[in-house]
Amino acid sequence: MRIVSFGFQTWGRRTLQALIDSDHEVVLAVTHPSSDDSYKGIWSDSVEELAVEHGIPVHLTERADQETIDLVKRAEPDVIVVNSWYTWMPPELYLMPPHGTLNLHDSLLPKFTGFSPVLWALISGESEFGLTVHRMDEQLDTGDILVQRSLPIGPKATGTELVLAGMDLIPAAVHEALHALETGTAQWRPQNKAERTYFHKRSERDSLINWHTPAEDLERLVRALSAPYPPAFSHYRGERVEVLAAEVSSARYGGTPGRVIVQEDGGVVVCGPDAFRGHNHGLLITKVRTADGAEHSGAEFFRRGGYLTDTPAA
C-alpha cells in the first residue's frame, strides 16, 4: 500500500520508522516545523530528518492547508497514518484515501482523549494505559478502534518510564493495523462515547502542588512529572521549590495543610487535606531542587520547619 505519514516529535518519528520498516511504501511525510514550545521540545526527535535519510518527500507545515491537501492528493495514498499531529485535519483530507486515516493515540480510548494522556492517566490513579489505533472522524480521538494494546501502571512507575513504554508499542500496533487493512480482515470497534474522558493541555499551573489534595494523589503527581517534564513545585519561605521525589508517609499526621511537620525516613512530612482531624497520611518529601539548580534532601532543606504555600508571598 501507498502511505502518507502525518507526525511530529518522537511519536511521529517512531511511527514513520515503523512504516518504513513495513512492507509498504511511504510516499510522503508531512510534519510540523521545529518548535520552541517547552512541551513540544521534550520529545523532539525529528520526523523530517528520518524522512530525508530514506529519500521520502517531506512537507513542512503548521496546518493541513490547501497546499497540503493538494500534495497528499497527488501522492495517491491508500491510507494516511497520523501520530502527534497538533492541528485540525479536514474531512476532505482524512477521508481521501480508500482506507481512510489511522490515528495513533497513547491511551486506552475512549478514556483520556486530548492531551498528555499518559501523564494524566498516572496522575488520575489508573491501573493501566496503552495505545489505540483508530479511524479518524470529525471529533478528537473518537473514531472506531482497530488495534488496542495495554500496559500496567506500576506502583513506582514514573511518567517518563510510561511514555517510553508506550512508544515501544508503536511498531507492532502499526504493522498489525496495516496488515488488517491490506488483507481485508480489519474489525472495527465503535467507541462508547458515554465513557469518553477529555483532558486539556498541561501548563505550568497544573504542576503547582495543592496541599488540600490527598498525599496519595500528590505522590503520583510527583512521579508523573519526572525529568524531562517540568516537575511539581510549591513555595517555601518565598522561594520556588521543585519536588523531585516523594512518598506517602508511613504514619498519619494532624495540623494544617502545607505545614512542614516532622522528619520521617530521610524526608520531611507535609500535612495534607483535613489535617486537623489527623486521619490522613502526609506527603513525605525526600528530594527538592531550588531555583539555582541545586538539589537537596527533604530533611536537610526543610529543617527550619514552616509552611509550603501556593505563592511566594503566602
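This one's a predicted model, so the numbers in the text were calculated from it and none came from an experiment. (Residues numbered from 1 in each chain as written. Predicted model: local features only at pLDDT ≥ 70, side-chain atom pairs only at ≥ 80, totals over all residues. Heavy atoms only, no water.)

Observations regarding the pairing of strand β5 (residues 101–105)
By the criterion of burial, β5 is predominantly enclosed, with 5 of the 5 residues buried. Because side chains alternate across β5, one face comprises the buried residues Thr-101, Asn-103 and His-105, and the other comprises Leu-102 and Leu-104, equally buried. In the sheet, strand β4 (residues 79–83) pairs with β5 via 4 bridges, with the strands oriented parallel. Bridging from a neighbouring strand, Val-81 pairs with Leu-102 of β5. Inspection of the sheet shows β5 paired to strand β7 (residues 128–135) by 4 bridges, in the antiparallel sense. Of the residues in β7, the one forming a bridge with Leu-104 is Val-133. (Buried < 20%, exposed > 50% of the residue type's maximum accessible area, 1.4 Å probe, protein only. Helix = DSSP H or I, 4+ residues; strand = E, 2+ residues; numbered from the N terminus. Pairing = 2+ DSSP bridges.)

Describing the nonpolar core
In this structure, Leu-16, Trp-211, Ile-285, Phe-302 and Leu-308 are the most contacted members of the largest nonpolar core, which totals 66 residues. Considering each element in turn, this core owes the most residues, 7 residues, to helix α7 (residues 170–183). Both domain 1 (2–199) and domain 2 (204–309) contribute no fewer than three residues apiece to this core. Not counting residues within four places of it along the chain, the set of residues in contact with Phe-302 comprises Tyr-236, Val-241, Val-260, Val-268, Ile-285, Val-288 and Leu-308. Listed in part, the 16 residues of the second largest apolar core include Val-4, Leu-28, Trp-85 and Leu-93. (Core = buried A, V, L, I, M, F, W, Y, C linked by side-chain atoms within 4.5 Å. Domains from an automatic or database assignment. Contact = heavy atoms within 4.5 Å.)

Quick word on the domain arrangement of the chain
Splitting the chain by domain gives domain 1 (2–199) and domain 2 (204–309). Computed over C-alpha atoms, the centres of domain 1 and domain 2 are 36 Å apart. Both sides of the domain 1 and domain 2 interface together cover about 1200 Å² of buried area, and 61% of this is carbon and sulfur. One can count 0 salt bridges joining domain 1 with domain 2. At the boundary of domain 1 with domain 2, the tally comes to 8 residue pairs in polar contact (both at pLDDT 80 or more). Elements that contribute at least two residues to the side of domain 1 that touches domain 2 include exactly α5 (117–123) and α6 (159–167). (Buried area = accessible area lost by both parts, 1.4 Å probe. Salt bridge = Lys/Arg side-chain N within 4 Å of Asp/Glu carboxyl O. Polar contact = N/O pair within 3.5 Å; in protein donor to acceptor, adjacent residues only side chain to side chain.)

Topic: the packing of aromatic side chains
Following the criterion strictly, the structure yields 10 aromatic pairs and no others. Taking the centre distance of 6.5 Å and the plane angle of 85 degrees together, the rings of Phe-115 and Tyr-198 count as edge-to-face. Taken together, the positions of Phe-115 in the loop between β6 (113–114) and α5 and Tyr-198 in strand β9 (residues 198–199) put the pair 83 residues apart, joining distant regions of the chain. Taking the relative accessible area as the measure of exposure, Tyr-198 reaches 45% and is therefore partly exposed. An aromatic cluster is built from Trp-11, Trp-43 and Tyr-229, whose rings are joined through pairwise contacts. (Phe/Tyr/Trp six-rings, centres within 6.5 Å; stacked < 30°, edge-to-face > 60°.)

A word on the pairing of strand β10 (residues 232–236)
For β10, the buried fraction is high: 5 of the 5 residues fall into the buried class. The alternating pattern of β10 places Ala-232, Ser-234 and Tyr-236 and Phe-233 and His-235 on opposite faces, both of which are buried. Bridge count between β10 and strand β11 (residues 239–252): 5 bridges; the pairing is antiparallel. Residue pairing for β11: Ser-234 is matched across the bridge by Val-241. Where β10 and strand β16 (residues 306–309) come together, 2 bridges link them in antiparallel fashion. Bridge assignment links His-235 to a residue of β16, and that residue is Thr-309.

Brief notes about the environment of Arg-304
Positionally, Arg-304 belongs in the loop between α9 (298–301) and β16. A relative accessible area of 58% places Arg-304 in the exposed class. Arg-304 has contacts with Tyr-236 and Arg-237, leaving out every residue within four places of it along the chain.

Comments concerning helix α8 (residues 215–224)
Of all the 10 residues making up α8, 8 are buried; the element is thus mostly covered by neighbouring parts of the structure. Those residues of α8 not exposed but buried are Ala-215, Leu-218, Glu-219, Arg-220, Leu-221, Val-222, Arg-223 and Ala-224. Where the residues of α8 are buried, they touch α5, α6, β10, β11 and β14 (281–290).

Structural notes on the packing of helix α1 (residues 9–20) against α7
Relative orientation of the contacting elements α1 and α7 amounts to 50 degrees, with a least axis distance of 9 Å. Taken as axis vectors, α1 and α7 run oblique relative to one another. As α1 runs across α7, the sense of the crossing is right-handed. Of α7, the residues touching α1 (which contributes Trp-11, Arg-14, Thr-15, Ala-18 and Leu-19) are Ile-170, Pro-171, Val-174, His-175 and Leu-178. Broken down by class, the residue content of the contact of α1 with α7 amounts to 7 nonpolar, 2 polar and 1 charged. (Axes fitted to C-alpha atoms, helices over the stretch in contact; angles between N-to-C directions. Parallel < 35°, antiparallel > 145°, perpendicular 65-115°, else oblique. Left-handed = near helix turned anticlockwise from the far one by under 90°. Nonpolar A, V, L, I, M, F, W, Y, C, P; charged D, E, K, R; others polar.)

Structural notes on the environment of Asp-217
Residue position: Asp-217 is located in helix α8. The class for Asp-217 is partly exposed, based on a relative accessible area of 28%. When the C-alpha positions of Asp-217 and Gly-125 are compared, they lie 7.5 Å apart, and in sequence the two are 92 residues distant.

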